[in-house]
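Coordinate analysis (summary)
Residues per chain are reported as follows:
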Amino acid sequence: MISVSALGIRSSVRRAGFVVRSLPKRNIQIQSLPPSASSEILNKQRLNRPSSPHYTIYQPQLTWLGSIANRVTGAGLATLLYGFSIAYLIAPGTFDSAHVIQLVAGLPESVKYAGKAILAAPFAFHSLNGLRHLGWDMGKFLSLKGAYVTGYTVLGATAISTVILTFM
C-alpha cells in the first residue's frame, strides 16, 4: 500500500480533515496439518459428494461400446504379441516356426478353426475400427448418423472378415 506521505499529499489530506491512520494488518492463522490428517479430511469430504452417474443409468450406445471393444481388442492383441515375443526370447527352441507349425498340424480341425476365429475376430475388429477412427480424425462421419452407420458397417465387415480369415 502506498502511504500518503510517499505521494506528497499529507498536508492536503490533513487540511481536508481526514485523519491518516495506519491500517491494522490482518492476521491469518494457518494451521499446519500432518499429511495423514489432510487425506482423512479429503476422504470424509469425498464420501459426502454424490457419485457421478455412469453406465448403471445410461443406456448402452454403439459409440461407447465400440470404443471399449477397440481398447480391449487392442490390449488383447498387444498382450498376445508381447507374450509370444518374450516366450520366444526366453525359449527360442520351443517357440520357433518349425515347432509352432508342428504343434498346430497335430491339432484337430475344429480346434484349428476355433483358434483362427478367436484370433481373426479381434484382429478384424481392431483394424476396421482403426480405419473408422482415422475417418473421424479427418473430420468425416462425425454426425450421430455417421457414427452409427460406420459403427454398424464395422460390425458387419468384422463378421464377414472373421469368416473369411477363419476358413482361408
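Residues numbered from 1 in each chain as written. Predicted model: local features only at pLDDT ≥ 70, side-chain atom pairs only at ≥ 80, totals over all residues. Heavy atoms only, no water.

A look at the overall build of the protein
Helix and strand counts for the protein stand at seven helices and zero strands. Of the regular secondary structure in the protein, the N- to C-terminal order runs α-α-α-α-α-α-α. Split into buried and exposed, the 168 residues of the protein put 12% on the buried side. In the protein, 66% of the contacts between residues at least 6 apart in sequence involve partners at least 24 apart. (Helix = DSSP H or I, 4+ residues; strand = E, 2+ residues; numbered from the N terminus. Buried < 20%, exposed > 50% of the residue type's maximum accessible area, 1.4 Å probe, protein only. Contact = heavy atoms within 4.5 Å.)

Topic: the packing of aromatic side chains
Within the structure shown, the criterion is met by three aromatic pairs. The interplanar angle of 85° and the centroid separation of 5.9 Å between the aromatic rings of F84 and F95 together place this pair among those described as edge-to-face. Separated by eleven residues along the polypeptide, F84 in helix α4 (residues 62-90) and F95 in the loop between α4 and α5 (97-105) bring together distant segments of the chain. Consider the rings of Y113 and F167, whose centres lie 5.3 Å apart with planes at 40°: the pair is tilted. Of the two residues, Y113 sits in helix α6 (residues 109-137) while F167 sits in the segment after α7 (144-166), which places them 54 residues apart along the sequence. Under the relative-accessibility criterion, Y113 is labelled partly exposed at 35%. Look at F167 and you get exposed, because its relative accessible area is 59%. (Phe/Tyr/Trp six-rings, centres within 6.5 Å; stacked < 30°, edge-to-face > 60°.)

Topic: α6
Here α6 contains 29 residues, and its C-alpha end-to-end distance of 42 Å stays within 8% of the 42 Å for a straight helix at 1.5 Å per residue. If you check which residues of α6 are buried, you get A120, A124, F125, N129, R132 and G135. In this structure, the buried residues of α6 make contact with α4 and α7. Directly beyond the C-terminal end of α6, a positive phi value near 90° is found at G139. (Expected span 1.5 Å × (residues − 1).)

Structural notes on the UniProt feature "transmembrane region" (unreviewed entry) in the protein
Summarizing the sequence annotation, UniProt attributes the feature "transmembrane region" (unreviewed entry) to residues 72-91 and 146-167 in the numbering used throughout. As a span, residues 72-91 carries 95% helix and 0% strand, and end to end its C-alpha atoms are 28 Å apart. Between the end C-alpha atoms of residues 146-167 there is a gap of 31 Å, over a span that is 95% helix and 0% strand. (UniProt positions renumbered as here; feature names shortened; annotations may be inferred.)

So, the pattern of salt bridges
If you walk through the whole model with that rule in mind, you get one salt bridge. The salt bridge involving E109 is made with K112; its shortest N-O contact spans 3.4 Å. Taken together, the residues span about one helical turn, with E109 and K112 both in helix α6 at a distance of three residues. The exposure class of E109 is partly exposed, given its relative accessible area of 46%. Under the relative-accessibility criterion, K112 is labelled partly exposed at 23%. (Salt bridge = Lys/Arg side-chain N within 4 Å of Asp/Glu carboxyl O.)

Brief notes about the packing of α6 against α7
Helix packing geometry: the angle between the two helix axes and the distance between the axes. Between α6 and α7, the least distance of the axes is 8 Å, while the angle of their chain directions is 150°. When the interaxial angle is binned, α6 and α7 end up roughly antiparallel. For the crossing formed where α6 meets α7, the hand is right-handed. Facing Y113, K116, A117, A120, A121, F123, A124, F125, L128, N129, R132 and W136 of α6, the residues of α7 in contact are A147, T150, G151, V154, L155, A157, T158, S161, T162, L165 and T166. Looking at side-chain class alone, the contact of α6 with α7 contains 14 nonpolar, seven polar and two charged residues. (Axes fitted to C-alpha atoms, helices over the stretch in contact; angles between N-to-C directions. Parallel < 35°, antiparallel > 145°, perpendicular 65-115°, else oblique. Left-handed = near helix turned anticlockwise from the far one by under 90°. Nonpolar A, V, L, I, M, F, W, Y, C, P; charged D, E, K, R; others polar.)

Quick notes on α7
Under the 1.5 Å per step criterion, the end-to-end length of α7 is 33 Å for 23 residues, consistent within 8% with the ideal 33 Å. Regarding α7, the residues found buried are G146, A147, T150, G151, V154, T158, T162 and T166. Looking at the packing, one finds that the buried side of α7 touches α4 and α6.

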